[in-house]
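# Breakdown of the fold
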Amino acid sequence: MACACPLILMYYRKGESSGKNVTLPAVFKYPIGPDIVNFVHTNLRKKNRQPYAVSEIAGHQTSAEAWGIGRAVARIPRVQSGGTHRSGQGAFGNMCHGGQMFAPTKTWCCWHRRVNTTQKRYAVCCALAASALPALVMSKCHRIEEVPELPLVVEDKVEGCKQTKEAKHPWNYFAQCKQIEHLKLAAPGGHVGRFCIWTKSAFRKLDELYGTWRKAASLKSNYNLPMHKMNNTDLSRILKSPEIQRALRAPRKKIHCRDLKKNPLKNLRIMLKLNLYTKIMRWNTILCQARNHKLQVDKAAAAAAALEAKSDEKGVAGKKPVIGKKGKKAAVSVKKQKKPLVGKKPAATKKPAPEKTPAEKKPTTEEKKPAA
Amino acid sequence: KKKVPARPETFKMQRNFTELKINGLRKKFAQKMLHKARTLIYEKAEHYHKEYRQMDRTEIRVARMARKAGNFYVPAKPKVMFLLQLLCLCQIFSGTFVKLNKASINMLRIAERYIAWGYPNLKSVNELIYQCGYGKISKKQIALTDNTLIARSLGKYGITCMEDLIHEIYTVGKCLKEANNFLWSFKLSFPQGGMKKKTIHFVESGDAGNREDQINRLITRMN
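Below you will find a few notes about this structure. (Residues numbered from 1 in each chain as written. Chains lettered and ligands numbered in written order. Predicted model: local features only at pLDDT ≥ 70, side-chain atom pairs only at ≥ 80, totals over all residues. Heavy atoms only, no water.)

## Here we look at unusual backbone geometry
The test is simple: In DSSP terms, a helix is any run of H or I states spanning at least four residues, a strand is any run of E spanning at least two, and both are numbered starting from the N terminus.
Although it is not a glycine, Phe92 of chain A sits at a positive phi angle of roughly 75 degrees. Its location among the elements puts Phe92 of chain A in the loop between strand 4 (77–78) and helix 2 (117–130).

## Focus: the sheet that holds strand 1 (residues 7–11) of chain A
Residues and elements named next belong to chain A. So the rule is basically this: Two strands pair under a simple rule: DSSP has to find at least two bridges between them. For helices, the fitted line uses only the C-alpha atoms of the stretch in contact; every axis is such a line through C-alpha atoms, and the angle between N-to-C directions lies from 0 to 180 degrees.
Taken together, the four strands give an open sheet; going across it, the order is 2-1-5-6, and neighbouring strands pair in mixed fashion. Looking at strand neighbours, the two that pair on one side only are strand 2 (17–23) and strand 6 (197–199), the edges of this open sheet. Taken over all neighbouring pairs, the strand axes of this sheet differ in orientation by 40 degrees on average, direction set aside. Of the strand pairs in this sheet, strand 1 and strand 2 are connected by four bridges, and their pairing is antiparallel.

## Quick word on the pairing of strand 4 (residues 134–137) of chain B
Residue and element names in this part refer to chain B. The cut-off we apply is this: A 1.4 Å probe rolled over the protein chains alone gives each residue an accessible area, and that area as a share of the maximum for its type sets the label: buried under 20%, exposed over 50%, partly exposed in between.
Because side chains alternate across strand 4, one face comprises the buried residues Gly135 and Ile137, and the other comprises Tyr134 and Lys136, none of which is buried. Pairing geometry for strand 4 and strand 5 (residues 140–143), over four bridges, is antiparallel. Across the sheet, the residue bridging to Gly135 is Ile142, located in strand 5. Linking strand 4 back to strand 5 in an antiparallel pair, the connection comprises two residues, with Ser138 at a positive phi of about 45 degrees.

## Let's talk about the environment of Cys109 of chain A
Residue and element names in this part refer to chain A. Looking at where Cys109 falls in the secondary structure, it is placed in the loop between strand 4 and helix 2. Among the residues examined, Cys109 registers a relative accessible area of 39% and is labelled partly exposed. Sequence separation of Cys109 and Tyr52 is 57 residues, and the distance between their C-alpha atoms is 8.8 Å.

## So, the pattern of salt bridges
So the rule is basically this: Salt bridge, as applied in this entry: a Lys or Arg side-chain nitrogen positioned within 4 Å of an Asp or Glu carboxyl oxygen.
For the coordinates displayed, the defined rule picks out four salt bridges over all chains. Among the ionic pairs, Asp298 of chain A bridges to Lys294 of chain A, the shortest N-O distance being 3.9 Å. Taken together, the residues Asp298 of chain A and Lys294 of chain A, both in helix 9 (residues 277–314) and four residues apart, mark about one turn of the helix. Owing to a relative accessible area of 55%, Lys294 of chain A belongs among the exposed residues under this scheme. Note that Asp207 of chain B and Arg211 of chain B form a salt bridge whose closest N and O atoms lie 2.9 Å from each other. Arg211 of chain B carries the same exposure label as Asp207 of chain B, and that label is buried.

Printed below as a string of C-alpha cells:
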C-alpha cells in the first residue's frame, strides 16, 4: 500500500512550494495490481486494430486435379496442362509451392476485445496510485530526482503555460482530468508508474471521479473504490504485535528425531531402561553360577580326594582318568534337569554351555520350595 | 512459555526468576513421578518373574504328580498363538499374536496354506517383543524404546511397561486385544537354516499350518 502523506504541497511552476496543501485523494491509495493493468492494456489496445487477411483466392488460381492412384506419385492435386514447369506440380496444399496457406486468415476474425468497465476503472486507478510512488515512477525510468514531491501538484495558474519547458518539468501529455480515464496516459505500454503532474483543480476532482472508501464516485454511476485485500501490509509488524503474540502458543523448537532402536536382549543398558528387574535377575544368575561352580569344584575336589584315598589303599595308578568321566556324567544328569527351566530365565545372558549346568542345579532346589 | 511484549527490565527479571522456580519445581515433580513409575515397573517385573516361575513349576509338579499316580496330565489348551505369514498381503515373514478361540481357529484353518502358527513360550514372547517390538502409536510404527511409549497408549488398561505387555500377552489377560492391537506386526527375517517346504503342511514335513510348540524354534531362527 502506498504510504503517501495525506497532505500534498502544491508548487509553482518554478519549483517553489506555494505553501498550500491539498488532501490526497483516495485513488492514490488504491491497491496496485500491475497484472490487471497489463490485461486491460493489452485488450484495450486491440480496439485500434484494422483487419488483415490474405486474399481469398490466393493459392486457388489453378485448375489442379489429383492424378489418383496407380501412377506412383503422391495424391496431391497437380496442375493440369503441359508445356511449362508448372504442369504436374502440386497445388492447393499448404505444403505445396504456390499453394494456399494453412488456415487462411479471414477478415471476420475477432479484432476487438471488450473489457469490463470496472476492470478498466480498476486499471486506471492502479496506474494513478502507482504514479504516486517514487519507486515505481523511477523504475519506469522517469528522472524525478529533482521533483520535490509525488504526486506533483501545481497551482492552477500553471495551466496557462503553453510549454512544459516553461515550468521546467518534463511533461508529455497535457490533458483534462476527465481524460485521465485513458489508460494510455497513466500507464503507457501497460506498465504502471508514469510521472504525472496535476493541477490543483484536477487533483481535487479526483475524489469526485473515483470516490473514496466512504462515498461512491459522484461523477460515475454506481462505482466504488474496491477494498484492499490487506489494509496493513507491514506483515512483520503485524506478526510482532502484542495482539497476535498473545494468542500464539510457545514455539516448538525441539526437533523430534527418530529414536534408534537397540536390541534390549543384547544391550544391557537399553534392557534396564525397559525393565529394571533384569539387573537383579542377571546378578542373581551370576551369583548362583559362581556358587554352583564353587560347589562343583569342591565336589570334584572332594571326589578326587576320596578316590585318591581309595587308590592309595588299593594301589591302582590308572584310576585318575575315570574321575573326568564321572564328573562328566554328573554334568549330563544335571543337564537333563535343566531343560524345563529354559523358559524361566527370559532375559538370560548367553553363557557357555558347560558352565550353565552347575548353575541350574542350585536354582532347582531353591525354586522347588516356593512351588511346593 | 509465551512471548511477553516489551516490559521494563525489572519486571522481566522478576518474571524470569519466578518462571525459573516454577520450571525447577516442575522438573523435580516430574522426576519424582518418574522415579515412582520406575519403582512400580520394577516391582511389577519382579512379580511377573515370580509368576512365570510359578506357572512353570506348577506345570512340572502337576505332571510329576500325575505320573506318580499313574495318571496323565493334560496341560491346559494354549490360549495364545503366534502366526507367521508365509505369503501374505502385508508382508512375508511377518508375525502377530492371536488369541485362540473357535472363531480364530476356523479362520486359521482357511488360511492354513499361507501361515505357520504355534504356541509361543515365554522366551519367544520376550524375544519378539524386546527385539522386534514396535508399537502402533498414532498410526505410526514406532520402536518400543521406552516404557513411556507403552504407558501412554496402554496406560488405561493397566499396561505401563514392557513387562506388563509381555505379561498380558503370555498369560492371556483381559486386555489382550488392546495389547495385541497396539503391537505392530513383527517383521522377522528368513529363518536361519532354511525352511523345509513352504507349500505343504508342517505335518507333511513342510512349513505351513499349526506346528504347536515347534513355533518357538522357528521364532528363534527368524529373530
